[in-house]
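Results of the structural survey
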Amino acid sequence: CACVAEEQGFSIDCDDTNAMLASLTELKTRSCAADCSSAECVKHYFVVQSHHDHCPEQNLPEAIEDGFHDYDESCVHCEIHRHFTEGAPPCPVAVCNDGSGYEAFVSLLDEGCASDCSSDACRDLFFALRSVHDGCPHDVLPHAAEEGLHDLEVPCVRHVCNSVEDLADPTVCHDHEHDHEDGTGSHGHEHDHDDNLD
């Protein structure tokens, strides 16, 4: 996402909620959920998605957390790691094809973690859900689990894990030679729609 941001002229700044919300408004105004192929839709979705996927929960307006999922099936994704939290344990390795993320979400609700997430069991389930959310393509988790994770981030706010050990800043483009033909990473989408961006 950092290279996409550099190409398309926006910054990934977790404190700039105005930019996030302005791009979400553009997505709504341009009906990008129905057709996300225009250069404007592509750019504004990258703004929303990169901040949604990278920034800590406390930095994201609720409208971004909830509204993002209206577009994640129709728009092209870029890849970015979640903000690294010094001292936090590593997240468990994500398994994308066994339904474990959704099972963790259901168990979180069954265990009452939405009201009290202080137990070790809730922590481990939350980490399992987080790892699938952060480490797998966006269509692996059902919509309810995607949105449910963001609801659970409030009671489970003290449970933080890091999905990567690499301390390199994911908001800085380190690959200027990349031709971007497969530049959206694990989601396998191309992003060649930026010819007419303003």
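Provided above is the structure to which this section pertains.
The model shown is predicted, which means the values in this text are computed figures rather than measured ones.

Let us look at the nonpolar core. Across soluble globular proteins, nonpolar side chains have a tendency to be buried as a group. By size, the foremost hydrophobic cluster in this structure holds 19 residues, and its most contacted members are Leu108, Phe126, Leu129 and Leu152. Of all elements in the fold, only helix H5 (100–110), helix H6 (120–135) and helix H7 (143–152) reach the threshold of two or more residues within this core. Broken down by element, this core gets its largest block of residues, six residues, from H6. The residues contacting Leu152, other than those within four sequence positions of it, are Phe105, Leu108, Cys113, Ala114, Phe126 and Leu129. Cys32, Val48, Ile64 and Tyr71 belong to the second-largest nonpolar core, a separate cluster that totals 15 residues.

Turning next to the state of the cysteines. Under the definition given, this model contains nine disulfides. With its sulfur 2.2 Å from that of its partner, Cys14 forms a disulfide with Cys55. Disulfide Cys14-Cys55: the torsion about the S-S bond is -90°, which places it as left-handed. In this pair, Cys14 sits in the loop between helix H1 (2–8) and helix H2 (17–29) while Cys55 sits in the loop between helix H3 (39–54) and helix H4 (62–67), placing the two residues 41 residues apart along the sequence. The class of Cys55 is buried, set by a relative accessible area of 0%. Shown here is the disulfide that connects Cys32 with Cys41, its sulfur atoms set 1.9 Å apart. On the sign convention where negative is left-handed, the bridge of Cys32 and Cys41, at about -80° about the S-S bond, is left-handed. The same class applies to Cys32 and to Cys41, which are both buried.

Before going further, it helps to examine the packing of H5 against H7. For any two helices packed against each other, the geometry comes down to the angle between their axes and how far apart the axes lie. Two numbers describe how H5 lies on H7: the axes approach to 10 Å, and their chain directions differ by 50°. Compared by their axis directions, H5 and H7 come out oblique. Taken as a pair, H5 and H7 cross one another with a handedness that is left-handed. Facing H5, whose interface residues are Tyr102, Phe105 and Leu108, H7 presents Ala144, Ala145, Gly148 and Leu152. Classifying every residue of the contact of H5 with H7 gives six nonpolar, one polar and no charged.

This paragraph deals with the packing of aromatic side chains. One pass over the structure, following the stated rule, counts two aromatic pairs. With 5.8 Å between their ring centres and 15° between their planes, Tyr45 and Phe68 make a pair best called stacked. Taken as a pair, Tyr45 in helix H3 and Phe68 in the loop between H4 and H5 lie far apart in primary sequence, 23 residues in all. Comparing Tyr45 with Phe68 shows no difference in burial state: the two are buried. Consider the rings of Tyr102 and Phe105, whose centres lie 6.1 Å apart with planes at 45°: the pair is tilted. Highlighted residues: Tyr102 and Phe105, both in helix H5, separated by three residues, approximately one helical turn. Look at Tyr102 and you get partly exposed, because its relative accessible area is 39%.

What counts, and at which threshold
Residues numbered from 1 in each chain as written. Predicted model: local features only at pLDDT ≥ 70, side-chain atom pairs only at ≥ 80, totals over all residues. Heavy atoms only, no water. Core = buried A, V, L, I, M, F, W, Y, C linked by side-chain atoms within 4.5 Å. Buried < 20%, exposed > 50% of the residue type's maximum accessible area, 1.4 Å probe, protein only. Helix = DSSP H or I, 4+ residues; strand = E, 2+ residues; numbered from the N terminus. Contact = heavy atoms within 4.5 Å. Disulfide = S-S within 2.5 Å. Axes fitted to C-alpha atoms, helices over the stretch in contact; angles between N-to-C directions. Parallel < 35°, antiparallel > 145°, perpendicular 65-115°, else oblique. Left-handed = near helix turned anticlockwise from the far one by under 90°. Nonpolar A, V, L, I, M, F, W, Y, C, P; charged D, E, K, R; others polar. Phe/Tyr/Trp six-rings, centres within 6.5 Å; stacked < 30°, edge-to-face > 60°.

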